[in-house]
Amino acid sequence: MRSACYKFFSLTLVLNIGMGSALADNPVHHNGVSSVNDPYVQAMEREVEIRTIFQTDERPTEDNILRQRISYGFSLNDRVFLEAYVIGTRLPDQSFELEGYEIESKIQLTEQGEYNTDWGVIFEYERQISESIAELATVLVASRQWGDWVGTLNLGLEYEFGSNIEDELDRFASAQWRYRFREAFEPGIEFYADEFTRGIGPVLTGVIRGNGKNKWHWEAGLIAPLNDTTPDQSFRFLLEWEF
Amino acid sequence: MKFANVLKTLRHSLVRASCLLLLFALASTASAQTPVFEIEIREHLFFPAEFEIPANQKVKLIIYNRDPTPEEFESYELNREKVIVGNSQGVVFIGPLKPGEYPFFGEFNLKTALGKIIVK
């Protein structure tokens, strides 16, 4: 078990090598904390998701920033899941505004448990509303179980383009190491890395069952910085209603 | 950003990602001799509702849903969930498991669709 844990976290740490740390203009884009995706798709799946990131920092321009994403998603079959997000932000001393939208497609590549590692891939398109900035991203998703522990790794490559931004190719990664304690309560740890972000911190997740197909999946985490450009605290919360 | 720089970044990213994924997927191979077990869903019941599988070995479950309505094979203990639409079949891989009893249920018919896998 110890060697497996070491191997999993080695992967995420190796990824740090070579990532830049220059600052862009929009402070929202400095924080890569979001969520860690699993590779699984269920047939007839429908869900509504609310995702909140709130960050605080000693730098006034990076402090008190709220990001909110609301989405609706559904599966086409037992392999493909489509999801559309509306994204809003509140910058320091400003009111909450609609920032952009995102369309996402997740494809489950292997059956859960078929191989030692389960695989999936996610394609994303995100577009800002007020500026000509867009992103195309591909994320490779891997998940593996070691007894009561589950490790999930997301490796992404994104291309930013538009007339309000210099075209750029960026890499990002996130990882989660979670203990399957109870269905409604699973503690874990998460790691995030991108052009600006290096963050790590505890996370709690769980599933609460309702009647019939109704299910609520929740996640809450607190990510602390590992470098100077990551906000001092990033609180993240996710609530997903599956029906 | 110059096209050459994009290509350079892309090349470096692919090499790095390939190395990481190679490490992560070590021993990520399916067994060629995975035992197969079959169960059926009929009138919101599992048949058989209890069955034995070998310990410390991966097994493949083929679940036939004979009902016209969908069912979700689910088990927190097995860490598996699989929706099987009506009049179709689904595949679930489980294990390797330690000896013990692992309950499963049909999420869309919680009162009737109940079962247990006994690992020996």
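About the cut-offs
- Residues numbered from 1 in each chain as written.
- Chains lettered and ligands numbered in written order.
- Predicted model: local features only at pLDDT ≥ 70, side-chain atom pairs only at ≥ 80, totals over all residues.
- Helix = DSSP H or I, 4+ residues; strand = E, 2+ residues; numbered from the N terminus.
- Buried ≥ 20, exposed ≤ 12 C-beta atoms within 10 Å, placed from the backbone.
- Contact = placed C-beta atoms within 7 Å.
- Pairing = 2+ DSSP bridges.
- Axes fitted to C-alpha atoms, helices over the stretch in contact; angles between N-to-C directions.
- pLDDT = per-residue confidence, 0-100.

Enquirer: Please set out the overall build of chain A residue by residue, giving values where relevant.
Expert: Regarding its fold elements, chain A presents one helix and twelve strands. Going residue by residue from the N terminus, the α and β elements of chain A occur as α-β-β-β-β-β-β-β-β-β-β-β-β. Counting every position in chain A, which comprises 243 residues, the buried fraction comes to 33%. Looking at chain A alone, contacts between residues at least 24 apart form 51% of all its contacts between residues at least 6 apart.

Enquirer: How would you sum up the overall build of chain B? Please name residues and give values.
Expert: In terms of regular secondary structure, chain B is built from one helix and nine strands. Moving toward the C terminus, one meets the helices and strands of chain B in the order α-β-β-β-β-β-β-β-β-β. Out of the 120 residues belonging to chain B, those deemed buried represent 26%. For chain B, the share of sequence-separated contacts (at least 6 apart) that also reach a separation of at least 24 residues comes to 59%.

Enquirer: Explain unusual backbone geometry to me, and be specific about the residues and the numbers.
Expert: All names here are of chain B. Cis geometry marks the peptide bond from phenylalanine 47 to proline 48; its omega dihedral reads -5 degrees. With respect to the helices and strands, proline 48 occurs in the loop between β2 (45-47) and β3 (50-53). A cis amide bond links glycine 95 to the next residue, proline 96, at an omega of 0 degrees. A positive phi angle, close to 50 degrees, is found at glutamate 43, a residue other than glycine. Following the sequence through the fold, glutamate 43 ends up in the loop between β1 (36-42) and β2. Phi is positive for asparagine 56, close to 55 degrees, though the residue is something other than glycine.

Enquirer: For the environment of A:Asn154, give the residues involved together with the corresponding values.
Expert: Residues and elements named next belong to chain A. Looking at where asparagine 154 falls in the secondary structure, it is placed in strand β7 (residues 149-161). The sequence separation of asparagine 154 and serine 132 amounts to 22 residues, and the corresponding C-alpha distance is 27 Å. If we ignore the near neighbours within four places in the chain, the residues touching asparagine 154 are Val36, Asn37, Val139, Val141, Ala173 and Ser174.

Enquirer: Describe the sheet that holds strand β2 (residues 65-75) of chain A, listing the residues and the values that go with them.
Expert: Residues and elements named next belong to chain A. In spatial order, the strands read β1-β2-β3-β4-β5-β6-β7-β8-β9-β10-β11-β12; together these twelve strands close into a barrel with antiparallel pairing. Adjacent strand axes in the sheet meet at a mean angle of 20 degrees when their direction is disregarded. The sheet contact formed by strand β9 (residues 186-193) and strand β10 (residues 198-209) spans eight bridges and is antiparallel. What sits directly across from glutamate 186, in β10, is threonine 205.

Enquirer: Give me the environment of B:Pro68: which residues, what numbers.
Expert: All names here are of chain B. With respect to the secondary-structure elements, proline 68 resides in the loop between β4 (59-65) and β5 (71-75). Residue proline 68 is classed as exposed on the basis of its 8 C-beta neighbours within 10 Å. Sequence spacing of proline 68 and arginine 42 is 26 residues, and the spatial spacing of their C-alpha atoms is 9.4 Å. Ignoring sequence-local partners within four residues, the contact set of proline 68 consists of Gly86 and Asn87.

Enquirer: Provide a residue-level description of the confidence of the model for chain A, including the pertinent values.
Expert: Caution is warranted with low-pLDDT regions, since their predicted coordinates should not be read in detail. Considering every residue of chain A, the mean pLDDT works out to 90; 88% of them sit at 70 or more. Ignoring residues within four places in sequence, the model shows residues 4-24 of chain A, a span with pLDDT below 50, making 32 contacts including any to other chains.

Enquirer: Describe the sheet that holds β4(B), naming the residues involved and giving the relevant values.
Expert: Picture the strands of a sheet paired through backbone hydrogen bonds; they go either parallel or antiparallel. Residues and elements named next belong to chain B. What the four strands build is an open sheet, ordered β2-β1-β4-β7; its pairing is mixed. Pairing within the sheet leaves two strands with one partner each, and these edge strands are β2 and β7 (88-94). Geometrically, the sheet is characterised by an average inter-axis angle of 25 degrees between neighbouring strands, direction not taken into account.

Enquirer: If you had to explain the pairing of β5(B) to someone new, which residues and values would you point to?
Expert: Residues and elements named next belong to chain B. The buried fraction of β5 amounts to four of the five residues, a majority that puts the element mostly inside the structure. Here β5 pairs with strand β6 (residues 80-84) via five bridges, running antiparallel. The residue bridging glutamate 72 from the neighbouring strand is valine 83, located in β6. In textbook terms, the turn of a hairpin is the stretch between consecutive antiparallel strands, and for β5 and β6 this stretch comprises four residues, one of which, asparagine 79, has a positive phi near 55 degrees. Relative to strand β8 (residues 100-106), β5 is paired through two bridges, and the arrangement is antiparallel. Along β8, the bridge assignment pairs phenylalanine 73 with glycine 106.

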